[in-house]
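# Fold and contact review
The chain contents come next:
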Amino acid sequence: MSSGTLATRHPKGPVLRFAPSPNGLLHLGHALSALENEALAAALGGRLLLRIEDIDTTRCRPEFEAAMIEDLAWLGIAFQMPPRRQSEHLPVYRDALARLDGMGLVFASFESRGELKTLAAAREAETGHPWPKDPDGAPLYAGAGASLSGTERQTLIDAGKPHALRLDMTRALARVGRPLTWTEVDAAGTLNRTVEARPEAWGDVVLARKDVGTSYHLSVVTDDAIQNVTHIVRGEDLFRSTAVHRLLQELLELPEPLYRHHRLVLGPDGRKLSKSDQAQGFRILRDRGGGPADIRRSLGFG
Ligand code: GLU
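Described in the following lines is the structure provided in the data block. Every chain is numbered on its own, with residues counted from 1 as its sequence reads. Per-residue local features of the predicted model are confined to residues with pLDDT of at least 70, and side-chain atom pairs are confined, for both listing and counting, to 80 or more; whole-chain, interface and lining totals are unaffected and use all residues. Water and hydrogen atoms were dropped before computing side-chain values, which therefore reflect all heavy atoms in the structure.

### Remarks on the pattern of salt bridges
Heads up, the condition is: A side-chain nitrogen of Lys or Arg and a carboxyl oxygen of Asp or Glu constitute a salt bridge if their distance falls within 4 Å. Numbering of helices and strands runs from the N terminus; a helix is a DSSP stretch of H or I covering at least four residues, while a strand is a stretch of E covering at least two. Each residue is assigned to one of three classes by its accessible area relative to the maximum for its type, calculated with a 1.4 Å probe on protein chains only: buried under 20%, partly exposed between the two thresholds, exposed over 50%.
For the coordinates displayed, the defined rule picks out 21 salt bridges. The salt bridge partner of R99 is E253, with a shortest N-O separation of 3.5 Å. Taken together, the residues span a long stretch of sequence, with R99 in helix α4 (residues 90-102) and E253 in the loop between α9 (241-251) and β10 (258-262) at a distance of 154 residues. The class of E253 is exposed, set by a relative accessible area of 66%. The partner of E250 in a salt bridge is R178, with the nearest N and O atoms 2.5 Å apart.

Pasting the structure below:
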């Protein structure tokens, strides 16, 4: 495929989004992602949206959202406002989950994280082989959720037992019935690489928890489709998650966007910046007197 097909593939024009979770202050890693989005939107003549990914109500706070929006404006990035706030659209994600459930692809699991670790260790002892871990380092689901009867499941749910709703990966893959891929674009938006998706690396991935009702994976694919996002630009820490997103897009019959996973900003310890890396906090850099142009330049956008 050549880059000439982009326009015909997206008759309504390119749409990009920056989608931070307001569980801390903006740091340079966010700034890089926002600037990568801004640059590709400008190169393609596309629209740039802001989405607030605040489904984790225990960690996300309105004051972090306000501070992020203020910092992004200070940096001079213009988003189409108002932002979409995921916490205001929970019924939409519930519907998507119900559709997957209707296909027989969802089961409830009632084990705690600790119990799942113990189960994985037991499997290792049984087989003499390491039990596989997902790309985030958690053991693949080794519990019995998928084999519970409808009555057993309902009894536990009615008793208020905490649970997660998981995608039955084997059935989901069988339903799709063919290998999935995605297309990475470069900084100019040119199609440059087809990547083989391997959703099975995630096992029976969590789609929702009892207390939240959705997950990052489910809400992100739903929103990208609702917002007609054509180009997903985000850090390479989410590269492996894209396999799950492609699978959910196929199952839910959602359009396939193009992807660009960009480099990460690393902290002094060589690891990805985290929200607690206050030295890289925007507010601190701002208070030290650096202007937006300095920050843009330091990230390679000057
Ligand atoms: N909300 C995610 C984060 O802050 C990004 C989601 C995405 O771009 O797909 O890491």
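### Re the side chain of R296
For clarity, the cut-off: Residue contacts are counted whenever heavy atoms from the two residues lie within 4.5 Å of one another.
In this structure, R296 sits in helix α11 (residues 292-298). Not counting residues up to four positions away in its chain, the partners in contact with R296 are L35, E38, L75, G76, I77, F301 and G302.

### As for the packing of helix α7 (residues 169-176) against α9
Defined as follows: Only C-alpha atoms enter the line fits that serve as axes; for helices the fit covers just the stretch in contact. Angles between N-to-C directions range over 0 to 180 degrees. When an angle is under 35 degrees it counts as roughly parallel; over 145 it counts as roughly antiparallel; between 65 and 115 it counts as roughly perpendicular; any other value is oblique. Here a crossing is called left-handed whenever its near helix is offset anticlockwise from the far helix by less than a right angle, and right-handed whenever the offset is clockwise.
Packing of α7 against α9 brings their axes to within 10 Å, and their N-to-C directions diverge by 60°. In this view, α7 runs oblique relative to α9, as classed from their interaxial angle. Relative to α9, the crossing made by α7 is left-handed. Side by side, α7 and α9 meet where M169, A172, L173, R175 and V176 of the first sit next to L247, E250 and L251 of the second.

### What about the site of the ligand?
As a reminder, the rule being used: A cutoff of 4 Å decides nearness: a residue is near a molecule or strand if any of its heavy atoms lies inside that distance of it. Polar contacts, as used here, are pairs of N or O atoms within 3.5 Å; protein pairs need one atom able to donate a hydrogen and one able to accept it. Residues neighboring in sequence count only if both atoms are side-chain atoms. Reported accessibility uses the Shrake-Rupley method at a 1.4 Å probe radius. Residues are deemed covered only where the shown protein chains occlude them.
Close to the ligand lie R17, A19, P20, S21, E53, Y216, V220, R234 and L238. In the environment of the ligand, a nitrogen atom lies 2.6 Å from a nitrogen or oxygen atom belonging to the side chain of E53. Separating an oxygen atom of the ligand from a side-chain N or O atom of R234 is a distance of 2.8 Å. Computed on the free molecule, the ligand has an accessible area of 300 Å², of which 79% lies beneath the protein chains in the complex.

### Remarks on the packing of α4 against helix α8 (residues 216-226)
Rule in force here: Gly falls in the polar group here, along with every residue not listed as nonpolar (Ala, Val, Leu, Ile, Met, Phe, Trp, Tyr, Cys, Pro) or charged (Asp, Glu, Lys, Arg).
Following both chains from N to C, one finds α4 and α8 inclined at 110°, their axes separated by 10 Å at the closest point. In terms of their interaxial angle, α4 and α8 are classed as roughly perpendicular. Of the residues in α8, those touching α4 at V92, Y93, A96, L97 and L100 are L218, S219, T222, D223 and I226. Of the residues belonging to the contact of α4 with α8, the class tally is seven nonpolar, two polar and one charged.

### What to know about the packing of aromatic side chains
For the record, the criterion: Note on aromatic pairs: the rings of Phe, Tyr and Trp (six-membered ring only in Trp) are paired at centre separations within 6.5 Å, and the planes decide the class, stacked below 30 degrees, edge-to-face beyond 60, tilted for the rest.
Tallied over the entire structure, the rule returns four aromatic pairs. Here W182 and Y259 contribute two aromatic rings whose centre-to-centre distance is 6.3 Å and whose plane-to-plane angle is 65°, an arrangement assigned as edge-to-face. Residue W182 is located in strand β6 (residues 181-185), and its partner Y259 is located in strand β10; the two are separated by 77 residues in the primary sequence. In this pair, the class of W182 matches that of Y259, namely buried. Of the aromatic side chains, those joined through ring pairs into one cluster are W182, F239 and Y259.

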